[in-house]
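Residue-level listing of the chains:
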Amino acid sequence: MGSFEVWAAWRRDPLLALGCVDPARRIEDLKVQDPLRQRVFDLFETWHAAHGSTPVKFCDLNSNVRQLLQGNNAQSQVARLQALENARAGGFVS
């Protein structure tokens, strides 16, 4: 959330004092419902089931993992993987 302390002091704390629902909880709900986050989590979960935490060359990727990579060709799928470098989802880190 960037500068959380400032945001909390100016926005969150007054809302909580008025008895409103914690807006930070809403952010967690939105993350859970985000289809992009879910696709990334599914990809990481499938990768982990197939390869564990072992680095794998693209040509050696499990077919289930490759199916989850959206793209018309290998080059676009590799680009999608590269875009996920250092991504986090569901406890996984790429």
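Everything discussed here concerns the structure shown above.
Keep in mind that this is a model prediction, so the values were computed, not measured.

(A) Representation of the side chain of Q77. Mapped onto the secondary structure, Q77 falls in helix α5 (residues 74-83). Here R66 takes part through its backbone oxygen, which lies 3.5 Å from a polar atom of the side chain of Q77. Among all residues touching Q77, those that are not within four sequence positions of it are F58, R66, L69, Q70 and G71.

(B) Summary view of the pattern of salt bridges. In total, this model carries two salt bridges according to the counting rule given. A salt bridge links R12 to D22, with the shortest nitrogen-to-oxygen separation between them at 2.5 Å. Within this pair, whereas R12 is found in helix α1 (residues 4-17), its partner D22 is found in the loop between α1 and α2 (23-33), the two being separated by ten residues in sequence. With respect to burial, R12 and D22 carry one shared label: buried.

(C) Summary view of the nonpolar core. One finds V40, L43, F44, F58, L61, V65, L69, L84, A87 and A89 forming the largest nonpolar core, which totals ten residues. Top element by residues in this core is helix α3 (residues 35-51). It accounts for three residues. For V40, the contacting residues outside a window of four places in its chain are L84 and A89.

(D) Fine view of the packing of aromatic side chains. Under the counting rule described, the total for this entry stands at two aromatic pairs. Judged by centre distance (6.0 Å) and plane angle (45°), the ring pair of F41 and F92 falls under tilted. With F41 in helix α3 and F92 in strand β2 (residues 92-93), this pair connects stretches of sequence that are 51 residues apart. F41 sits in the partly exposed class, given a relative accessible area of 22%. Exposure remark for F92: the relative accessible area of 23% places this residue in the partly exposed category. Note on F44 and F92: the rings are 6.5 Å apart at their centroids and 70° apart in plane angle, and the pair reads as edge-to-face.

(E) Up close: unusual backbone geometry. Backbone geometry places N86, a non-glycine residue, at a positive phi of 65°. Its place among the elements puts N86 in the loop between α5 and β1 (88-89). Taking relative accessible area as the criterion, N86 reaches 58% and is therefore assigned exposed.

Calculation notes
- Residues numbered from 1 in each chain as written.
- Predicted model: local features only at pLDDT ≥ 70, side-chain atom pairs only at ≥ 80, totals over all residues.
- Heavy atoms only, no water.
- Helix = DSSP H or I, 4+ residues; strand = E, 2+ residues; numbered from the N terminus.
- Polar contact = N/O pair within 3.5 Å; in protein donor to acceptor, adjacent residues only side chain to side chain.
- Contact = heavy atoms within 4.5 Å.
- Salt bridge = Lys/Arg side-chain N within 4 Å of Asp/Glu carboxyl O.
- Buried < 20%, exposed > 50% of the residue type's maximum accessible area, 1.4 Å probe, protein only.
- Core = buried A, V, L, I, M, F, W, Y, C linked by side-chain atoms within 4.5 Å.
- Phe/Tyr/Trp six-rings, centres within 6.5 Å; stacked < 30°, edge-to-face > 60°.

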